[in-house]
Structure formats: structure tokens, C-alpha cells
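Coordinates in review
Each chain, letter by letter, is given below.
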Amino acid sequence: MLFTKKSAAEKRADFRKGLASGKLLQFPGAFNPLCAQMIEQKGFDGVYISGAVMAADLCLPDIGIATMTEFVERGRQISRVTDLPSFIDIDTGFGEPMAAARTVMMMEEAGLSGCHIEDQVMPKRCGHLDGKEIVSTEIMVQRVKAAAEAKRDPNFVLIARSDARAVEGLEASIDRMKAYVDAGADMIFPEAMKSEQEFEAVRKAIDVPILANMTEFGKSRLLNKKELEALGFNVVIYPVTTLRLAMGACDRGLDAILKDGDQNGILDQMQHRRDLYDLLRYHDYNKFDESIYNFQVGDTPLE
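Residues numbered from 1 in each chain as written. Predicted model: local features only at pLDDT ≥ 70, side-chain atom pairs only at ≥ 80, totals over all residues. Heavy atoms only, no water.

**So, the sheet that holds strand β7 (residues 211-213)**
The strand order across the open sheet built from three strands is β1-β8-β7, with neighbouring strands paired in parallel fashion. Every interior strand has two partners, whereas the edge strands, β1 (25-28) and β7, have only one. With direction set aside, neighbouring strand axes in the sheet form an average angle of 20 degrees. Alignment of β7 against strand β8 (residues 235-238), held across three bridges, turns out to be parallel. Opposite A212, over in β8, you have V236 as the bridge partner. (Pairing = 2+ DSSP bridges. Helix = DSSP H or I, 4+ residues; strand = E, 2+ residues; numbered from the N terminus. Axes fitted to C-alpha atoms, helices over the stretch in contact; angles between N-to-C directions.)

See below:
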């Protein structure tokens, strides 16, 4: 309500400028709108919205059970509270190429700055698990082409994710990525690379911006910002980090209450009420409310 000053179009333009700047953009994952507001407050470049996190928030595994409607609504909720660009995971596009096109249109209408679509089959699996299956290059090209043609704002960033490294090997996955760029992808997301050398090989082969996924407990070593900058990457996402931090703290806190019978021993681990109110801009809402209702016309107060 009182959060954003920038329009969706302005945020998309900012994202494009950031991609052209030559600097590495850091996009932590937000598991809800409040978390997105904290990401902005901390000074990051943007907000990422993970499909795995959305599914987990619904107590579902990341296998494509959550629906397009649920994804769109969560994207809308998060993008509306921040002036940062935000982009979202759309899994395999929620159906055939026509469905992927509709999904892109819906995400654009919801205020997102971009989305990524992947080349797995449905039901899909987490990108860092074994046993993934991928569609043919031709089918993924159809998905990407349909999604690219559905864009109405040219600054909306369409990202093609390839899970082919684990299935077909690095060289074949690079050939796929090149085909996805030819089909209209604005950025490439090489999933589950096994070494810095593999990240470097993708960077050398692909002309458009490249995204690095630094998810914990996965196939890739957690590379530092300076390492990714040296490799020439444009965006890094930390998709599940904030959810893992929050759930880890909840786990330990609930154990403490069971053990001690109260929260006194864990108060120093909690976000203070004043910090929550600051993040929510409680004072601004109160000021807005007073500006509407606490006024008078002439000398006669309104009741």
C-alpha cells in the first residue's frame, strides 16, 4: 500500500540497466512479502521468488503440485511491496507452450520483472536432486519461443533454465542453452554446475546474461560474490537461504520452549517488536491515517 514508489515498468527498466552494468546483481529469495521488504532494506539488488520455496510454504514438495494461480498470487504479493526488481520461477510453464505464454502474461500483469522456465518434464524435481528427466530441445525451444512472444514489455526478462547438465553432460547442455537464446531467452540459468570450470565454460559459450544458483546443500560449491564476478556472471540467486534461516530458528526456538517452559532464554534471537514495526512502516501508516481523518473544514471539526 505505502511501500512502492516505482511502477512495474520502472522496476523492469532498472533490471535491464543492472544487467547491462557489468556488475553482479545479488537476488536473495523471499519466502513472503515481509522478507522481500527486509531484502530491500538491507540494500540488495533485487528479489527472487523460488518455486521450491512457494511449494514448501504450502507444505508441498517441489514436484510441480503448486498451481499457476498460487505462483502468480505470491509473485504479486511480493512484487507490490518492494521497489526492487523481482523475478519468479515458473517451473515448466504450467502446461504446453500456450500455457507458458499465458503464464508470462500473468506474471507481467502481476508486476514481476522477469521469470525463468525450465526444460524438465512434469512432474519435475528439484534441480539439485538426482533422477531428473528433461524434454527434447525442440519442445523446450517451443516453450521459450511462446513465452518470449507473450511478453508485452520488452524489458520483462525471460530466463531459460537448463537442467540438462546432470542428464546429458556439459557440452550437450551448452548446445541446448544456445538454442534457447536463439528462441528468445534474455538470460540463461545453467542449473547444478559441478565446478567453477563448468560455470566458466557456460560463460564463454553464451552471449546473453548468465545466472548462478547458489543454493545450499546442492551440487555446486557456494561461490563467493568476487568469484562469480571474476567468472563474468550477471546475477546470483540465494533461493532458499532465508527460508532455511527462518525455519532453523523456529526449530531451535520451539525446542527451547518445550525444554524451558517459556521464551525468556531466546528473546535475544528474535526480531524485536520495534524492528518489525520499522520494517512494516507502521509509523507511515499511522501518519497516513491521521492525514485523512484528523482534519477540519473551516472552524468546524469533522466528527
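**Regarding unusual backbone geometry**
A positive phi angle, near 50 degrees, is found at D91, a position not held by glycine. With phi around 65 degrees, F217 is a residue other than glycine that occupies positive phi space. Mapped onto the secondary structure, F217 falls in the loop between β7 and α10 (225-231).

**Section: the sheet that holds strand β5 (residues 157-162)**
Spatially, the five strands line up as an open sheet ordered β2-β3-β4-β5-β6, and their pairing is parallel. Whereas interior strands pair on both sides, the edge strands pair on one side only; in this sheet they are β2 (47-49) and β6 (187-190). Sheet twist, expressed as the average angle between the axes of neighbouring strands with direction ignored, equals 25 degrees. Here strand β4 (residues 114-118) runs beside β5; their pairing, made up of five bridges, is parallel. Its bridge partner lying in β5, I117 is registered against A160.

**Considering the environment of I188**
Mapping I188 onto the fold places it in strand β6. With 14 residues separating them in the primary sequence, I188 and V202 have C-alpha atoms 9.2 Å apart.

**Describing empty space enclosed by the protein**
Considering all chains together, one arrives at one cavity of 30 Å³ or more under this definition. Reported here for the largest cavity is a volume of approximately 40 Å³. Classifying every residue of the lining of the largest cavity by side-chain character gives six nonpolar, two polar and two charged. (1 Å grid on protein atoms, 1.4 Å probe; cavity = no way out; pocket = protein on both sides within 12 Å on 5 of 7 lines; lining within 4 Å. Points joined across faces, edges and corners; volume = space filled by probe spheres on them. Nonpolar A, V, L, I, M, F, W, Y, C, P; charged D, E, K, R; others polar.)

**Regarding the pattern of salt bridges**
Within the structure shown, the criterion is met by 20 salt bridges. The salt bridge involving D186 is made with K151; its shortest N-O contact spans 2.8 Å. Here K151 lies in the loop between α6 (137-150) and β5 and D186 lies in the loop between α8 (170-182) and β6, a separation of 35 residues in the sequence. The network of salt bridges with common partners includes E118, R161, D163 and E191. (Salt bridge = Lys/Arg side-chain N within 4 Å of Asp/Glu carboxyl O.)

**Considerations on the packing of aromatic side chains**
All chains considered together, the criterion is met by seven aromatic pairs. With a centroid separation of 5.3 Å and 40 degrees between ring planes, the pair formed by F15 and F27 is classed as tilted. Here F15 is found in helix α1 (residues 8-20), whereas its partner F27 is found in strand β1, with 12 residues between them in sequence. Here the aromatic rings of F71 and F94 are separated by 5.0 Å at their centres, their planes lie at 80 degrees, and the arrangement is edge-to-face. (Phe/Tyr/Trp six-rings, centres within 6.5 Å; stacked < 30°, edge-to-face > 60°.)

**Some words on the layout of surface pockets**
Quantified by volume, the largest pocket comes out at close to 870 Å³. Those elements giving two or more residues to the lining of the largest pocket turn out to be α2 (33-42) and α11 (241-260). Element by element, the count of residues in the lining of the largest pocket is highest for α11, at nine residues. Its residues placed into classes, the lining of the largest pocket shows 17 nonpolar, six polar and one charged.

**Quick word on the packing of α8 against helix α9 (residues 196-205)**
When two helices pack together, their arrangement is given by the angle between the helix axes and by the axis-to-axis distance. Two elements in contact, α8 and α9, have axes whose closest approach is 10 Å; the angle formed by their N-to-C orientations is 35 degrees. Crossing of α8 over α9 shows right-handed handedness. Residues L170, I174, M177 and K178 of α8 form the contact with α9, whose participating residues are E198, A201, V202 and A205. Split by residue class, the contact of α8 with α9 holds six nonpolar, no polar and two charged. (Left-handed = near helix turned anticlockwise from the far one by under 90°. Contact = heavy atoms within 4.5 Å.)

**Let's talk about the state of the cysteines**
What we call a disulfide is simply a covalent bond connecting the sulfur atoms of a pair of cysteines. Per the counting criterion, the structure on display carries zero disulfides. Looking at C35, it has no disulfide partner, and the nearest cysteine sulfur is the one in C250, 13 Å off. C35 gets classed as buried once you look at its relative accessible area, which sits at 10%. Left unpaired, C59 is separated from the closest cysteine sulfur, that of C250, by 13 Å. The exposure class assigned to C59 is exposed, which follows from its relative accessible area of 71%. (Disulfide = S-S within 2.5 Å. Buried < 20%, exposed > 50% of the residue type's maximum accessible area, 1.4 Å probe, protein only.)

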